[in-house]
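# Examination of the molecular architecture
Chain by chain, the residues run as shown.
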Amino acid sequence: DAGITQSPRHKVTETGTPVTLRCHQTENHRYMYWYRQDPGHGLRLIHYSYGVKDTDKGEVSDGYSVSRSKTEDFLLTLESATSSQTSVYFCAISDTTGQETQYFGPGTRLLVL
Amino acid sequence: GENVEQHPSTLSVQEGDSAVIKCTYSDSASNYFPWYKQELGKRPQLIIDIRSNVGEKKDQRIAVTLNKTAKHFSLHITETQPEDSAVYFCAARYNAGNMLTFGGGTRLMVKP
């Protein structure tokens, strides 16, 4: 597996609380992504980053924000968690040296009560 | 944006049989098509990919074919084994930002 870790791996929180998920890579890859995975929907892109401080929205960005202050870290924040944000969150990375493959982190299971 | 549809959503085969999963995409500019395998509770892992300048690619028991005219691509698994049981996702890359759009997934069950 590529050098990608996610923290926490599991989290239970209450509606209305802020939540931050962290993705950390040791591959020095330029691109980082946040996806959510829900039954019947596959993997849907929330936000992605193409460099330090360079981010853009994906397909399902409402209710989420991201930050990337260092190449190795990409943070996903739920400003005020809702039950609809209960999901499994995957981080992924890819490089731009002609290898477009995205490698996934181990995932974070989030339950919003 | 890109739209990827994947069929079937579930597939059950007998060990040793072949399995085929099909995907269609909407954006003719898409140029990279990976397939991922996800075992229960695990991360998606790349098993094979194909670029738009190639029609077919094989890696041991798995192969992928691409028909750019029809905008569809397929995953073929031959001589299936119980350890092939997993959820398989297709995806298409639709712009220079290296963003992937994923299909909804296919749950493959290989019965011993």
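Above: the structure in question.
Now for a look at the structure at hand.

Cut-offs applied
Residues numbered from 1 in each chain as written. Chains lettered and ligands numbered in written order. Predicted model: local features only at pLDDT ≥ 70, side-chain atom pairs only at ≥ 80, totals over all residues. Heavy atoms only, no water. Helix = DSSP H or I, 4+ residues; strand = E, 2+ residues; numbered from the N terminus. Rg over C-alpha atoms; globule rule 2.2 N^0.38 Å. Buried < 20%, exposed > 50% of the residue type's maximum accessible area, 1.4 Å probe, protein only. Contact = heavy atoms within 4.5 Å. Buried area = accessible area lost by both parts, 1.4 Å probe. Salt bridge = Lys/Arg side-chain N within 4 Å of Asp/Glu carboxyl O. Polar contact = N/O pair within 3.5 Å; in protein donor to acceptor, adjacent residues only side chain to side chain. Nonpolar A, V, L, I, M, F, W, Y, C, P; charged D, E, K, R; others polar.

In this section: the overall build of chain B. Check the secondary structure of chain B and you find 0 helices and 11 strands. Put simply, chain B runs from its N terminus to its C terminus through helices and strands in the order β-β-β-β-β-β-β-β-β-β-β. In summary, chain B has a C-alpha radius of gyration of 13 Å against a globular reference of 13 Å for 112 residues, a match within 12%. A principal-axis box enclosing the C-alpha atoms of chain B has dimensions of 40 × 30 × 20 Å. Residues classed as buried in chain B amount to 46% of the 112 residues present.

Taken together, the contacts link 23 residues of chain A with 20 residues of chain B. In total, about 1800 Å² of surface goes out of reach between chain A and chain B, with carbon and sulfur atoms giving 49% of it. In this assembly, chain A and chain B are joined by 0 salt bridges. Counting across the chain A and chain B interface gives 4 residue pairs in polar contact (both at pLDDT 80 or more). Split by residue class, the side of chain A that touches chain B holds 11 nonpolar, 9 polar and 3 charged.

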